[in-house]
Amino acid sequence: MQSFRYRWIHAFALLLGAVLFLGPLGCSGSDSSADGDASEASEDGDQATDADLDGSELSDTDGDGSENTDDDRADGDKDADIVDQRESVEPDAPDTDGDASDGDALESDGDVEAEDELEPEIEMEPEDDLVEETAEEEEQAEEETLEQEAEIEEDVETEPPLFDMDFLGDAATLNCQVIEESTQTEGEVVYTIRELRYTSYELQGDALAPIRLQAFAAIPAGGPHPGVVIAPGLGETTDAARALDHAKRLGMIAFAYAGPGQGESEGRATTDPEAMWDVIPDPRGSWLFAHAAGAIRAAGCLEQMAELSDGKIGLVGYSFGAAAGLIAAGVDSRIAAAVAISGTGSWARSADSGSWIEDMLLDAGLFTDDEEFAAFFDNLDPVWFIQGAPARVLLVSGAQDEYFPITSFIDTYYALNDETQRLTVIPDWDAWEGGWFTQDCQPFGPCQDNYDNRAVALAKTYAAERMWLNVHLADEWPYDELPGMPELAVGEQGLTLTALAGVDSGQYSIVSVTLYASLDQGWSFESFPMSLVGADIYAYPLDLEYHPDGTALFVEIEMQAGLAPNAESFWLTSLPSLPLGYVAQVRP
């Protein structure tokens, strides 16, 4: 716009000079149209040309010899004029735009003086410089915009993760306090027993508030030793005997704590039926969050013990303590190995199966389609936390667990998604320390189709604990590698339908391989010994009672770590094979 304005100032100066110069000649006509149209010179219709004005011919010709009129200049030369305005002009010699006078420069000193008075000095930059300057300005503007956006992002508060490890892992706020200390001798080993209190957190109002949790630690002499956090189940408490029992069995430091509101621990107890499902508006209001936070904080206290081997922390959880332990193992990188006993994820499937989790919902006046349960599952189900977890996880569960059916057990295994995880399914065993398979059926009802399988179930559970934690935490375990996970397939061998088990024992010795089958949707399991039919292949012919659409199967392998007569057995199982759409029967 600025070059356009100066152009017309320049044209006006030329016109004024011409009028002053030609005025005495009594000019009878002039170019009065700014767009170059010729004006009428007289009433008789004769056109006055530029030659009539100054005695010289101003009409020019193009390279083709045609005459250029003022109309041609206004239309045909318009683009050229714009380009001319972009050319560099010396301050002492402003562009006179010869097109305006059709190439004839006016040499009158008065004209030049008039132009100097009316037109200020203009210094135009070359077109390339303008483009470069524009690009630089745009780049600078973009950089300023990005800086402003970054400042805005810094000002916006982002929601921290549900389990904020910078907060929960802060050692400065643990305040691990020894209340009482004593020693106890078991066999040839002296154990130091400590009762402690430490600070954990639960949601109170709209913020996490500190609570003091009770714990007992049993420490074998002759350390340093690995350490294991013991997470109790729903309604369980803890004591020195519990810690000592684990320390003796594992040969490690055992740190057993009582969950929030249990024993002498502060916090909201599960005697409040709504405590588990208090997740709206904040999922941290659930008791399971506070329990998992307690396990994380317990690992912090264990880490501070001088008797602990550097970086050697494991976790064992029972029932709902196993669920809390899976969450802790998923978010706390200090936990190298975990054993989850009778507790899994996939709570929605559990509830849909009519499990005791559904009963817990009903006790709180809730149903599986209520938003509280949906919010719980979306935010606190252990399956979301153990995906990609660095901890090595062993799942141990009764095949008839009333809280966590075998279908949820399988879902949880798939969530682990790692070749180094293993399973131990215990047939004819239910929720931790059960009821139905201990002949302690009250208050559930009469004991039917049951027997007391407690000794076998506990032996398999404790052996699995020792094997798993020693493999991953201790230096005394005979072998570094895990045995392979048994694989199960059903196929035809000759004319017989046969269950086949592939067993990669590695450095371990195999004691027995057993097929377990349920023909009544998991209500009971029958056992069938399998025979070696090839290199690491075991088989059992299936009878006519087998129905592919209704039979649940898994293979159990008993192994030993060593060939000595006193070598201890442990048991691993295959992933259970279930029919499509299988729903396990759950005892009432």
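Residues numbered from 1 in each chain as written. Predicted model: local features only at pLDDT ≥ 70, side-chain atom pairs only at ≥ 80, totals over all residues. Heavy atoms only, no water.

Q: I'd love a proper account of the state of the cysteines, names of residues and values included.
A: Evaluation of the coordinates by the stated rule reveals one disulfide. Put simply, Cys176 and Cys301 are joined by a disulfide, and their sulfur atoms are 1.9 Å apart. Residues Cys176 and Cys301 are joined through a disulfide that is left-handed, its torsion about the S-S bond being -95 degrees. Taken together, the positions of Cys176 in the loop between helix H7 (165-168) and strand E3 (177-186) and Cys301 in helix H9 (residues 287-303) put the pair 125 residues apart, joining distant regions of the chain. Residue Cys176 is classed as partly exposed on the basis of its relative accessible area of 26%. Here Cys301 falls in the buried class, since its relative accessible area comes to 3%. (Disulfide = S-S within 2.5 Å. Helix = DSSP H or I, 4+ residues; strand = E, 2+ residues; numbered from the N terminus. Buried < 20%, exposed > 50% of the residue type's maximum accessible area, 1.4 Å probe, protein only.)

Q: Give a detailed account of the sheet that holds strand E19 (residues 569-573), specifying residues and quantitative values.
A: The strand order E15-E14-E18-E19 describes an open sheet built from four strands, whose pairing is antiparallel. Both edges of this open sheet fall to strand E15 (526-529) and E19, since each of them pairs with a single strand only. Taken over all neighbouring pairs, the strand axes of this sheet differ in orientation by 30 degrees on average, direction set aside. Here strand E14 (residues 509-518) pairs with strand E18 (residues 552-560) via nine bridges, running antiparallel. Looking across to E18, one finds that Val513 is bridged to Ile557. (Pairing = 2+ DSSP bridges. Axes fitted to C-alpha atoms, helices over the stretch in contact; angles between N-to-C directions.)

Q: Let's hear about the sheet that holds E3: which residues, and what values?
A: Paired through backbone hydrogen bonds, the strands of a sheet run either parallel or antiparallel to each other. What the nine strands build is an open sheet, ordered E3-E4-E5-E7-E6-E8-E9-E10-E11; its pairing is mixed. Edge positions in the sheet fall to E3 and strand E11 (422-426), since each has one partner strand and no second. For this sheet, the mean angle separating the axes of adjacent strands, direction not counted, is 20 degrees. Two elements, strand E10 (residues 392-398) and E11, share five bridges in a ladder whose sense is parallel. Across the sheet, residue Leu395 finds its bridge partner in E11, namely Leu423. Along the sheet face, helix H10 (residues 320-331) touches strand E6 (225-231), strand E8 (308-318), strand E9 (335-341) and E10 and points at about 140 degrees away from the line of E8. Those strands touched by helix H15 (residues 406-416) are E10 and E11, and its axis lies near 175 degrees from that of E10. (Contact = heavy atoms within 4.5 Å.)

Q: I'd like a description of helix H12 (residues 356-363), backed by residues and values.
A: Listing the buried residues of H12 in full gives Trp356, Ile357, Met360 and Leu361. One side of H12 holds all its buried residues, which, seen down the axis, span an arc of 160 degrees. Immediately downstream of H12, the backbone of Gly365 shows phi near 75 degrees, a positive value. (Arc of directions from axis to C-beta.)

Q: Quick rundown of the packing of aromatic side chains? Include the residues and the values.
A: This structure, assessed with the given rule, holds 21 aromatic pairs. Members of the aromatic cluster, each reached through a chain of ring pairs, are Trp277, Phe320, Trp347, Trp356, Phe373, Phe376, Tyr403 and Phe404. Here Arg587 stacks its cationic end above the ring of Trp523, 4.1 Å away from the centre of that ring. (Phe/Tyr/Trp six-rings, centres within 6.5 Å; stacked < 30°, edge-to-face > 60°. Lys NZ or Arg CZ within 6 Å of the ring centre and 35° of its normal.)

Q: Go over the pairing of E6, please, and point to the residues and values.
A: In regular strands, side chains alternate between the two faces of the sheet. For E6, the buried fraction is high: seven of the seven residues fall into the buried class. Relative to E8, E6 runs parallel, the two sharing six bridges. Its bridge partner lying in E8, Gly227 is registered against Ile313. Judged from the four bridges that link them, E6 and strand E7 (residues 253-257) form a sheet pairing that is parallel. For Val229, the partnering residue across the bridge sits in E7 and is Phe255. Note that the unit made of E6, helix H8 (residues 240-250) and E7 has a crossover that is right-handed. (Right-handed = clockwise from strand over helix to strand, strands pointing away.)

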